[in-house]
Amino acid sequence: MAKNFTALALATFLSLPLIACVTTPKAQMATTESFVIDSETYQSTSKSQRIKTIVLHYTVSDNERSIKTLTTGNVSAHYLILDKNDDKIYNLVPESERAWHAGEGGFSGRTILNDTSIGIEIVNAGIKPEYRDALKDDTLDYHPYDHYADFNELQIKKVAQLVQDIARRYDISPKNIIGHADMAPSRKIDPGAKFPWERLYKEYGIGAWYNEADKQEIMNRRTLVTPSVQEIKQAFRKYGYQINNSDEWDKPSRDVIYAFQLHFRPLKPTGIMDIETYAILQALNMKYASRDDFY
Ligand SMILES: [Zn+2]
């Protein structure tokens, strides 16, 4: 009985404003007249671009299968760069819509990156077929540089033109031009060690790179006290990486080191913290102050 009474009372309560709404003259007016949206008279100055990040990927398959997966599957990217000698960059999803490329993870304090990023897929085999089982025996934790397949030169030129244009149009912070591995280090390793981040920075002004002199200076400090695991993890966080709070280099933490090395020390990605990796991280933090707006 009590239950019925409550349901009845709720139904009565809910129906009241509905009846009121339907019968007021004002509400009727709103449905019959059309109003003008005035976007000229008043303008706000507090605003920023919705797109904050560019995420680069490789497809781990050939042209044909990449096209099929990205156009008919349940994953997508805004742009696709084929491994083909033509002059095309394919736009699969309008920039104003979400593509499903990033998945779980985060960077620079943002998660759900599909909401705020442009995704670019590059056709590339990823790990060469002969090395795909290399991590199955226990001697190797991570793929070294040589295991990764090369990108062709034309692909890199297309990436350069495209990223330059997107970064300029949305005023994207250099730090926020990242690889999939940077935002999801325990799930992803793309675009891998052969993706030429350093070259893109030096030849096209794309993305972030450290000053060599800063790195050397940090490495040569005689008085350098070995930083604690927590201090190093804090430095990763400062740069933008998501990393856990544990006091050790557990697997998820080593995955972050590996992703960082794939990006900034690709010739020797080990997943192990060392002085050069630390110096690069610190040099990057010295150069790139946090500039993100979170409004
Ligand atoms: Zn990816």
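Residues numbered from 1 in each chain as written. Predicted model: local features only at pLDDT ≥ 70, side-chain atom pairs only at ≥ 80, totals over all residues. Heavy atoms only, no water.

Under an unreviewed UniProt entry, the name given to the chain is N-acetylmuramoyl-L-alanine amidase, and the source organism is Psychrobacter pocilloporae. Listed in UniProt under the heading Sequence similarities (unreviewed entry), the comment for the chain reads: "Belongs to the N-acetylmuramoyl-L-alanine amidase 2 family." (UniProt positions renumbered as here; feature names shortened; annotations may be inferred.)

What to know about empty space enclosed by the protein
The method is simple in principle: a probe with the dimensions of a water molecule rolls over the atoms, and the space it marks as empty is what remains. Summed over all chains, the structure comprises two cavities of 30 Å³ or more. There is about 50 Å³ of room inside the largest cavity. Taken together, G179, A181, D182, I189, D190, P191, G192, W197, A259, L262 and H263 form the lining of the largest cavity. For the lining of the largest cavity, the secondary-structure elements that each account for two or more residues are α5 (180-183) and α9 (251-264). Looking at which element gives the most residues to the lining of the largest cavity, the answer is α9, with three residues. Considering only residue class, the lining of the largest cavity consists of six nonpolar, three polar and two charged. In terms of lining, the second largest cavity is formed by F107, P174, K175, I177, I178, D182, A208, Y239, Y241, H263 and F264. Elements with a minimum of two residues in the lining of the second largest cavity: β7 (177-179) and α9. In terms of residue class, the lining of the second largest cavity is built from eight nonpolar, one polar and two charged. (1 Å grid on protein atoms, 1.4 Å probe; cavity = no way out; pocket = protein on both sides within 12 Å on 5 of 7 lines; lining within 4 Å. Points joined across faces, edges and corners; volume = space filled by probe spheres on them. Helix = DSSP H or I, 4+ residues; strand = E, 2+ residues; numbered from the N terminus. Nonpolar A, V, L, I, M, F, W, Y, C, P; charged D, E, K, R; others polar.)

Notes on the packing of helix α4 (residues 153-170) against helix α6 (residues 197-204)
At their nearest, the axes of α4 and α6 sit 11 Å apart, and the two run at 60° to each other. Taken together, α4 and α6 sit at an angle that is classed as oblique. Crossing geometry of α4 relative to α6 is assigned as right-handed. From α4, E153, I156, K157, V159, A160 and Q164 reach across to α6, where they touch R199, L200 and Y204. When grouped by side-chain class, the residues that make up the contact of α4 with α6 number five nonpolar, one polar and three charged. (Axes fitted to C-alpha atoms, helices over the stretch in contact; angles between N-to-C directions. Parallel < 35°, antiparallel > 145°, perpendicular 65-115°, else oblique. Left-handed = near helix turned anticlockwise from the far one by under 90°. Contact = heavy atoms within 4.5 Å.)

A closer look at the environment of L262
With respect to the helices and strands, L262 occurs in helix α9. Residue classification places L262 among the buried residues on the basis of a relative accessible area of 3%. Residues L262 and P191 lie 71 residues apart in sequence; the distance between their C-alpha atoms is 8.6 Å. Beyond its immediate sequence surroundings of up to four residues, L262 is in contact with Y148, A181, I189, G192, A193, W197 and P269. (Buried < 20%, exposed > 50% of the residue type's maximum accessible area, 1.4 Å probe, protein only.)

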